[in-house]
There are 4 protein chains.
Amino acid sequence: MPLELNTLIVTKNKEKRIKDNEFLLIKEGYRLYPLDVPVEIRKTVQGSTSGYGVIEKLEWEKEKTTIYFKLISLNSVN
Amino acid sequence: MPLELNTLIVTKNKEKRIKDNEFLLIKEGYRLYPLDVPVEIRKTVQGSTSGYGVIEKLEWEKEKTTIYFKLISLNSVN
Amino acid sequence: MPLELNTLIVTKNKEKRIKDNEFLLIKEGYRLYPLDVPVEIRKTVQGSTSGYGVIEKLEWEKEKTTIYFKLISLNSVN
Amino acid sequence: MPLELNTLIVTKNKEKRIKDNEFLLIKEGYRLYPLDVPVEIRKTVQGSTSGYGVIEKLEWEKEKTTIYFKLISLNSVN
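A quick note: this is a predicted structure, and the numbers were derived from the prediction, not measured.

**Let's talk about the layout of surface pockets**
Link 1 in the chain: Each pocket or cavity is described by its volume, and for the second largest pocket that value is around 1400 Å³.
Link 2 in the chain: If you list the elements that add at least two residues to the lining of the second largest pocket, you get β1 (2-5), β2 (8-10) and β6 (38-42) of chain A together with β1 (2-5) and β6 (38-42) of chain D.
Link 3 in the chain: In the lining of the second largest pocket, the residues fall into 27 nonpolar, seven polar and 14 charged.

**Examining the environment of A:Ile18**
Residue and element names in this part refer to chain A.
Link 1 in the chain: Checked against the element boundaries, Ile18 lands in strand β3 (residues 16-19).
Link 2 in the chain: Taking the relative accessible area as the measure of exposure, Ile18 reaches 45% and is therefore partly exposed.
Link 3 in the chain: Considered as a pair, Ile18 and Ile55 are 37 residues apart in the sequence and their alpha carbons are 14 Å apart.
Link 4 in the chain: Once residues lying within four places of it in the same chain are set aside, the contact partners of Ile18 are Phe23, Leu24 and Tyr68.

**Some thoughts on the interface of chain B and chain A**
Link 1 in the chain: Facing the 16 residues of chain B at the interface are 16 residues of chain A.
Link 2 in the chain: Summing both partners gives a buried area of about 1200 Å² for chain B against chain A, and 61% of it is carried by carbon and sulfur.
Link 3 in the chain: Where chain B meets chain A, there are zero salt bridges.
Link 4 in the chain: Applying the counting criterion to the chain B and chain A interface returns four residue pairs in polar contact (both at pLDDT 80 or more).

**Looking at the interface of chain B and chain C**
Link 1 in the chain: At the interface, five residues of chain B touch five residues of chain C.
Link 2 in the chain: When chain B packs against chain C, close to 420 Å² is buried across both sides, 93% of that on carbon and sulfur atoms.
Link 3 in the chain: Summed over the three residues of chain B that lose the most area to chain C, namely B:Leu5, B:Thr7 and B:Pro34, the buried surface amounts to 81% of that side.
Link 4 in the chain: At the junction of chain B and chain C, the tally comes to zero salt bridges.
Link 5 in the chain: Between the two partners, chain B and chain C, sit zero residue pairs in polar contact (both at pLDDT 80 or more).
Link 6 in the chain: When the residues that make up the side of chain B that touches chain C are grouped by side-chain class, the tally is four nonpolar, one polar and no charged.

**Considerations on the sheet that holds β1(A)**
Link 1 in the chain: Spatially, β5(A)-β1(A)-β1(C)-β5(C) is the arrangement adopted by the four strands of the open sheet, whose pairing is mixed. Sheet topology places β5 (31-32) of chain A together with β5 (31-32) of chain C at the edges, where each strand pairs with a single neighbour.
Link 2 in the chain: Where β1(A) and strand β1 (residues 2-5) of chain C come together, three bridges link them in antiparallel fashion. Looking at β1(C), one finds that A:Pro2 is bridged to C:Glu4.

**What about the relation of the copies chain B and chain C?**
Link 1 in the chain: When chain B is brought onto chain C, the operation consists of a screw motion whose angular component is 180 degrees and whose axial shift is 0.0 Å, with 0.0 Å RMSD remaining. Here the copies are linked by what is in effect a two-fold axis. The position closest to the rotation axis in chain B is occupied by the C-alpha of B:Thr7, lying 3.0 Å away.
Link 2 in the chain: Here 100% of the contact residues of chain B are again contact residues in chain C; the copies associate through an equivalent surface.

**Some words on the side chain of D:Glu40**
Residues and elements named next belong to chain D.
Link 1 in the chain: Within the secondary structure, Glu40 sits in strand β6.
Link 2 in the chain: Here Arg42 takes part through its side chain, which lies 2.7 Å from a polar atom of the side chain of Glu40.
Link 3 in the chain: Of the polar contacts made by the side chain of Glu40, one reaches the side chain of Thr49; its length is 2.5 Å.
Link 4 in the chain: Excluding residues that lie within four positions of it along the chain, Glu40 makes contacts with Leu8, Ile9, Thr49, Gly51 and Tyr52.

Conventions adopted
- Residues numbered from 1 in each chain as written.
- Chains lettered and ligands numbered in written order.
- Predicted model: local features only at pLDDT ≥ 70, side-chain atom pairs only at ≥ 80, totals over all residues.
- Heavy atoms only, no water.
- 1 Å grid on protein atoms, 1.4 Å probe; cavity = no way out; pocket = protein on both sides within 12 Å on 5 of 7 lines; lining within 4 Å.
- Points joined across faces, edges and corners; volume = space filled by probe spheres on them.
- Helix = DSSP H or I, 4+ residues; strand = E, 2+ residues; numbered from the N terminus.
- Nonpolar A, V, L, I, M, F, W, Y, C, P; charged D, E, K, R; others polar.
- Buried < 20%, exposed > 50% of the residue type's maximum accessible area, 1.4 Å probe, protein only.
- Contact = heavy atoms within 4.5 Å.
- Buried area = accessible area lost by both parts, 1.4 Å probe.
- Salt bridge = Lys/Arg side-chain N within 4 Å of Asp/Glu carboxyl O.
- Polar contact = N/O pair within 3.5 Å; in protein donor to acceptor, adjacent residues only side chain to side chain.
- Pairing = 2+ DSSP bridges.
- Least-squares fit on C-alpha atoms with pLDDT ≥ 70 in both.

Here it is as structure tokens:
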């Protein structure tokens, strides 16, 4: 089974806010992320850090991965 | 993050039938299973094969893993 | 990083004998195999079981995986 | 098989220099690290970043993981 080991959350602006600082993000394929620890968030793979989040839930189904994360810090943009 | 690589479904009789040949099973910790391919099912780690299933969904949350599998063959026991 | 979760050793006749019942097999890409437990060996993905082996060492380098396994049982072929 | 998903290199001062900017580090257990991408290096889990490295080789054997990494940047310490 193909897997992708991911150490960053790359949103490509596709994250959806569930409420307050809680978001979900759906990615193609089965992806392995570290849960319950702070993970860097970027808009693009090569981009700069937009903040940090903690993934609290991960789902694999039909060759898609859904992660549910809580934003814990946000880089300010002037 | 601790993970467990699993290549068998070991039920310990804790599987719950959702409907027909569809089951869910909750295991402690974050466990990696192969999805979308036939996986051997056993009642205990050392036990004999009780059948084969295909895991169609996997969830990680709060240090538990939930797998949703379809039973595709069952060893008859006389 | 792309990974492949493997639960079988598929040799495609490319295994190399190191000595006695010890073999190595080089596969493309980074692949995750269970170590230290019996794993089914097949010549092809869809083929029948040719035996069981225990992987004792795994190496990842330059997008290749090398596994070192000990053959523990062999299906006889008449 | 127990695994540990690691997204940082935590050296605990146990890295060994092979030559120039190349190091090896042996860790207990089977650990999954991302290869071929920059990974943060710390002396302790909670410590500050001491630099970045790229893991070029990973070995699993006898419940130990050996990683070979190239140091690509080093935080200066006054």
